[in-house]
Protein chains: 2
Amino acid sequence: MSVHSHSIVAPQLFAFEQPFALQNGDTLPRFDLAVETYGTLNPAADNAVLICHALSGDHHVAGRHHPDDKYPGWWDNMVGAGKPIDTDKFFVVGLNNLGGCAGSTGPLSRNPATGTPYGADFPFVTVPDWVRTQALLADRLGIARWAAVVGGSLGGMQALQWTLAFPERVRHALVIASSPRLSAQNIAFNDVARQAIITDPDFHEGHYTRRHTLPQRGLRIARMMGHITYLAEHGLGHKFGRQRKHPHYQYHYGSEFEVESYLRHQGDKFSARFDANTYLLMTKALDYFDPAAEHGHDLQKALAHVRADFFVASFSSDWRFAPSRSHELVRALIGARKNVRYIEVPSQHGHDAFLMEDAPYINAVRAYMHNITVSPAAPS
Amino acid sequence: MSVHSHSIVAPQLFAFEQPFALQNGDTLPRFDLAVETYGTLNPAADNAVLICHALSGDHHVAGRHHPDDKYPGWWDNMVGAGKPIDTDKFFVVGLNNLGGCAGSTGPLSRNPATGTPYGADFPFVTVPDWVRTQALLADRLGIARWAAVVGGSLGGMQALQWTLAFPERVRHALVIASSPRLSAQNIAFNDVARQAIITDPDFHEGHYTRRHTLPQRGLRIARMMGHITYLAEHGLGHKFGRQRKHPHYQYHYGSEFEVESYLRHQGDKFSARFDANTYLLMTKALDYFDPAAEHGHDLQKALAHVRADFFVASFSSDWRFAPSRSHELVRALIGARKNVRYIEVPSQHGHDAFLMEDAPYINAVRAYMHNITVSPAAPS
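- An unreviewed UniProt entry annotates chain A as Homoserine O-succinyltransferase originating from Conchiformibius kuhniae.
- UniProt lists a comment for chain A under the heading Subcellular location (unreviewed entry), and it reads "Cytoplasm".

1. Quick notes on the overall build of chain A
Then comes step 1: When its secondary structure is counted, chain A shows 11 helices and 12 strands.
Then comes step 2: A globule of 380 residues ought to have a C-alpha radius of gyration of about 21 Å, and chain A, at 21 Å, matches this closely.
Then comes step 3: Considered along the principal axes of its C-alpha atoms, chain A spans approximately 65 × 50 × 50 Å.
Then comes step 4: Expressed as a percentage of its 380 residues, the buried residues of chain A come to 60%.
Then comes step 5: Taking the intrachain contacts of chain A between residues at least 6 apart in sequence as the baseline, contacts between residues at least 24 apart amount to 72%.
Then comes step 6: Carbon and sulfur atoms form 53% of the exposed surface of chain A, whose accessible area is close to 14700 Å².
Then comes step 7: Side chains of chain A carry 35 positive and 36 negative charges; the gap between the two charge centres is 2 Å.

2. Notes on the relation of the copies chain A and chain B
Then comes step 1: For the pair chain A and chain B, the relating rotation is 180°, the translation along its axis is 0.0 Å, and the fit reaches an RMSD of 0.0 Å. The two molecules are tied by a two-fold rotation axis, judged by turn and shift.

3. Some details on the sheet that holds strand β9 (residues 148–152) of chain A
Residue and element names in this part refer to chain A.
Then comes step 1: Within the open sheet, the 8 strands sit side by side as β1-β4-β8-β5-β9-β10-β11-β12. Their pairing is mixed. In the strand order of this sheet, the two ends are held by β1 (12–16) and β12 (340–345), each with one partner. On average, each strand axis in the sheet is tilted by 20° relative to the strand beside it, whichever way the strands run.
Then comes step 2: Summarising the sheet, strand β11 (residues 309–315) and β12 pair through 6 bridges and their orientation is parallel. Directly across from Val312, in β12, lies its bridge partner Tyr342.
Then comes step 3: Running over the sheet, helix α2 (residues 127–141) touches β1, β4 (31–38), β5 (48–52) and β8 (91–95) and is turned about 105° from β1.

4. Structural notes on the sheet that holds strand β1 (residues 12–16) of chain B
All names here are of chain B.
Then comes step 1: An order of β1-β4-β8-β5-β9-β10-β11-β12 is seen for the 8 strands of this open sheet, with the pairing classed as mixed. This sheet does not close on itself; its edge strands, each paired only once, are β1 and β12 (340–345). Between one strand and the next, the sheet's axes are offset by a mean angle of 20°, whatever the strand orientation.
Then comes step 2: Seen against the sheet, helix α3 (residues 154–165) touches β5 (48–52), β9 (148–152), β10 (172–176) and β11 (309–315) and runs at an angle of roughly 150° to β9.

5. A short note on unusual backbone geometry
Residues and elements named next belong to chain A.
Then comes step 1: For His204, which is not glycine, the phi torsion reads 50° and is therefore positive.
Then comes step 2: The residue His204 is located in the loop between α4 (184–198) and α5 (216–230) in this model.
Then comes step 3: Notably, His297 is not glycine yet its phi reads approximately 60°, a positive angle.
Then comes step 4: Tracing the backbone shows His297 in the loop between α8 (276–288) and α9 (299–302).
Then comes step 5: A relative accessible area of 55% places His297 in the exposed class.

6. Some thoughts on the packing of aromatic side chains
All names here are of chain A.
Then comes step 1: Under the definition given, this model contains 46 aromatic pairs over all chains.
Then comes step 2: When the ring of Phe16 is compared with that of Phe31, the centres are 4.8 Å apart and the planes differ by 10°; the resulting orientation is stacked. Here the residue Phe16 occupies a position in strand β1, and Phe31 occupies one in strand β4, the gap between them amounting to 15 residues.
Then comes step 3: Assessed through its relative accessible area of 0%, Phe31 is described here as buried.

7. A short note on the packing of α4(A) against α8(A)
Residue and element names in this part refer to chain A.
Then comes step 1: Direction vectors running N to C along α4 and α8 enclose 160°, while the axes themselves pass 10 Å from each other. Put simply, α4 runs roughly antiparallel to α8. Relative to α8, the crossing made by α4 is left-handed. Residue-level inspection shows Ile187, Asn190, Ala193, Arg194, Ile197 and Ile198 of α4 in contact with α8, the latter providing Ala276, Tyr279, Leu280, Thr283, Lys284, Leu286 and Asp287.
Then comes step 2: Among the residues forming the contact of α4 with α8, the class breakdown is 8 nonpolar, 2 polar and 3 charged.

8. Some points on the UniProt feature "domain: AB hydrolase-1" (unreviewed entry) in chain A
Then comes step 1: Per the UniProt record, the feature "domain: AB hydrolase-1" (unreviewed entry) sits at residues 47–354 of chain A.
Then comes step 2: A distance of 23 Å separates the end C-alpha atoms of residues 47–354 of chain A, which is 36% helix and 12% strand.

9. Some words on the pattern of salt bridges
Close approach of charged atoms allows side chains of opposite charge to pair.
Then comes step 1: The full count for this structure, using the stated rule, is 36 salt bridges over all chains.
Then comes step 2: Across the salt bridge formed by A:Arg242 and B:Asp290, the nearest N and O atoms sit 3.2 Å from each other. One end of the pair, A:Arg242, is in the loop between α6 (233–239) and α7 (258–273); the other, B:Asp290, is in the loop between α8 (276–288) and α9 (299–302), on a second chain.
Then comes step 3: For A:Arg242, a relative accessible area of 13% gives the class buried.
Then comes step 4: The salt bridge involving B:Arg217 is made with B:Asp202; its shortest N-O contact spans 2.8 Å.

10. Focus on α7(A)
Side chains three or four residues apart in an α-helix point the same way, a direct result of the helix having 3.6 residues per turn.
Then comes step 1: With 16 residues, α7(A) extends 23 Å from end C-alpha to end C-alpha; this agrees with the ideal 22 Å at 1.5 Å per step.
Then comes step 2: Looking at α7(A), one finds that the buried residues are A:Val259, A:Glu260, A:Ser261, A:Tyr262, A:Leu263, A:Arg264, A:Gln266, A:Gly267, A:Phe270 and A:Ser271.
Then comes step 3: In the core, the buried residues of α7(A) are packed alongside α5, α6 and α8 of chain A together with α4 (184–198) and α8 of chain B.

11. Digging into the pairing of β9(A)
All names here are of chain A.
Then comes step 1: Burial within β9 is extensive, with 5 of its 5 residues counted as buried.
Then comes step 2: When β5 meets β9, the two strands line up parallel, connected through 4 bridges. When the bridges of β9 are listed, Cys52 appears paired with Gly151.
Then comes step 3: Note that β9 and strand β10 (residues 172–176) share 4 bridges and pair parallel. Counted as the bridge partner of Gly152 is Ile176 from β10.
Then comes step 4: In this fold, β9 hands off to helix α3 (residues 154–165), which returns the chain to β10; that crossover is right-handed.

12. Examining the domain arrangement of chain A
Residue and element names in this part refer to chain A.
Then comes step 1: When cut into domains, chain A gives domain 1 (2–182 + 289–370) and domain 2 (187–283).
Then comes step 2: Relative to domain 2, the C-alpha centre of domain 1 lies at a distance of 25 Å.
Then comes step 3: On the side of domain 2, 29 residues touch domain 1, which itself brings 30 residues to the contact.
Then comes step 4: Here domain 1 packs against domain 2, burying approximately 2400 Å² in sum over the two surfaces, 61% of which is carbon and sulfur.
Then comes step 5: Of all residues in domain 1, Leu55, Trp319 and Arg320 bury the most surface against domain 2, accounting for 28% of the area lost on that side.
Then comes step 6: In this assembly, domain 1 and domain 2 are joined by 1 salt bridge.
Then comes step 7: Put simply, Arg210 and Asp121 hold a salt bridge, and the shortest N to O gap is 3.7 Å.
Then comes step 8: In this structure, the connection of domain 1 to domain 2 is made through 8 residue pairs in polar contact (both at pLDDT 80 or more).

Definitions and limits used
- Residues numbered from 1 in each chain as written.
- Chains lettered and ligands numbered in written order.
- Predicted model: local features only at pLDDT ≥ 70, side-chain atom pairs only at ≥ 80, totals over all residues.
- Heavy atoms only, no water.
- UniProt positions renumbered as here; feature names shortened; annotations may be inferred.
- Helix = DSSP H or I, 4+ residues; strand = E, 2+ residues; numbered from the N terminus.
- Rg over C-alpha atoms; globule rule 2.2 N^0.38 Å.
- Buried < 20%, exposed > 50% of the residue type's maximum accessible area, 1.4 Å probe, protein only.
- Contact = heavy atoms within 4.5 Å.
- Areas by Shrake-Rupley, 256 points an atom, 1.4 Å probe, with all protein chains shown as cover.
- Lys, Arg positive; Asp, Glu negative; His and termini not counted.
- Charge placed at Lys NZ, Arg CZ, Asp CG, Glu CD.
- Least-squares fit on C-alpha atoms with pLDDT ≥ 70 in both.
- Pairing = 2+ DSSP bridges.
- Axes fitted to C-alpha atoms, helices over the stretch in contact; angles between N-to-C directions.
- Phe/Tyr/Trp six-rings, centres within 6.5 Å; stacked < 30°, edge-to-face > 60°.
- Parallel < 35°, antiparallel > 145°, perpendicular 65-115°, else oblique.
- Left-handed = near helix turned anticlockwise from the far one by under 90°.
- Nonpolar A, V, L, I, M, F, W, Y, C, P; charged D, E, K, R; others polar.
- Salt bridge = Lys/Arg side-chain N within 4 Å of Asp/Glu carboxyl O.
- Expected span 1.5 Å × (residues − 1).
- Right-handed = clockwise from strand over helix to strand, strands pointing away.
- Domains from an automatic or database assignment.
- Buried area = accessible area lost by both parts, 1.4 Å probe.
- Polar contact = N/O pair within 3.5 Å; in protein donor to acceptor, adjacent residues only side chain to side chain.

Structure follows, in structure tokens:
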């Protein structure tokens, strides 16, 4: 019943007609956030869950916009009626982050100062900026305090930032396949991706829409490289190995191995749908995030005033955000005497595991969410 | 004394005026190999050591061409008088592989059929092709049998291939930081590198020299990405961490983190000196190498007729050619009842460790080379 009732969803646009000061010193005169919600906010407004998205995600978390949509939202296996984040119990909110390209104000939006798309003039946004826009959204929705803020990867950074910036407004943070700051290797991969985009001759210093072109070559390369780093070496080996498209070597630069076809297809798809300036901004937000920095690089100190309980999960084969990065966070939480549950999930899925269905992971999220108390729903 | 006498070296060009049939079915009408030698071939001609290079190496293995050269050859810490591969004992031969861009016939060479550079018309070359050209070079030098064939990474594949193709002509094979075949992840990284080059608008389907241009953007991206994979996550973290060029974030796409400057510099340097078509060919040779394939994917079977003794080394933090890839080879050698010494070196240097100086590694190579018997030198 309820599975069906929630399966068709519609995005909403929330307009914020007020100047918004960003961490980099710029001010946006106004902004929109694209939002989707699932389930019903209870009268006490204590059953709300915020889902924060990662690099390429958006507000379309679960369900379908049209019955004939081929794919549901990006976390449909996690969010829905009877699912680990159960929309029969929780009121779940997904949004497209500021600077995104799926409906919220971002580089593709019209710059009121010029009447043309922002493009490269869109300001840099940071994880703390995003969390402050999400707090404005919570105000608008009448949510004083989230039952939980949940995110994987870059989304996990936002969940962590919520507990730091608004300790009173978060009961639980679920930080999955994430890290309290990027490593040199992470930053290096991000920078190669950015260089691929920026040196694409169609980039035009970020004002490609004015030239009626797109830096798809560079974005495609960035995504192909990124995609390798989201998958586990073993998982990739298991799925593709050295399987070839032809029994004999062809001696050309077309796809000879199945893994080549797969990656090129991923790159083609992504570069046709995603905005390059948004990709650049998102990777910089990742690089910049480092909440311990302003506390003498002591994460435990940074966490001193946190009030949320934490659920932290990592995946054995994730080398982009390795378990050791989650250990860093868990150690600091324990040191700061916070409540934290940690699970290291054996998985072949690499960083992408946070989107997949390894049973120990799904079960742990389900159990954790099940134990969150909420007030009764309104009588129907 | 002898250290000094060997420190100035000169490359030689060996011309092979005979058609050479390649594995892909093409035939080169003739070819040159750029070669450097160090030390003296003894009267019995049983002290010769061949050094096979990796992706971006060449014949300039050790010493300097001019006294004021800033850097010596790429393996000068390993090869020289009194060094682990001791040129007071051994006659050491380095060459630039066929298809290279450092003097041997390759895509930059004049195609006799057209009078212009081969460019994209240069045929695909494989590890077995290279080994056959190296055998012709050995004939020319009067070397019936190598005391040792030595290589790291792609060079290690050539050392292995020597033992398979010419079992009578190799006494010892030193296979370092290598693999009997690439994994899906290895191939995936290679393909992204190739796609970066091929989709560079200056690539012109490989005939860029005719257009008086170079696909430096793509080659730079390929090298930056490759470079990350040659280094260990920990080594990179240790060297750069999150060190910044300015105390505060600059909010731009210039280099903000030291690791970005470093990588961009590596990419710039490499793309100014290396030929893109050669890079493409070398990565394909890596992908294609799979000597077990023609033996039902049974590496032990492939090794049945090998007569060489093996020294195999891997490095703990090398994730491009992880220790497990060396284990594959060692297990098969043991299964085939061959003599093999194996060392897994604890190192922070990642794949690049084969070029570095971790003491257990250097000492092991020194000891192994020391134990190789050679006939006396000619009386001086």
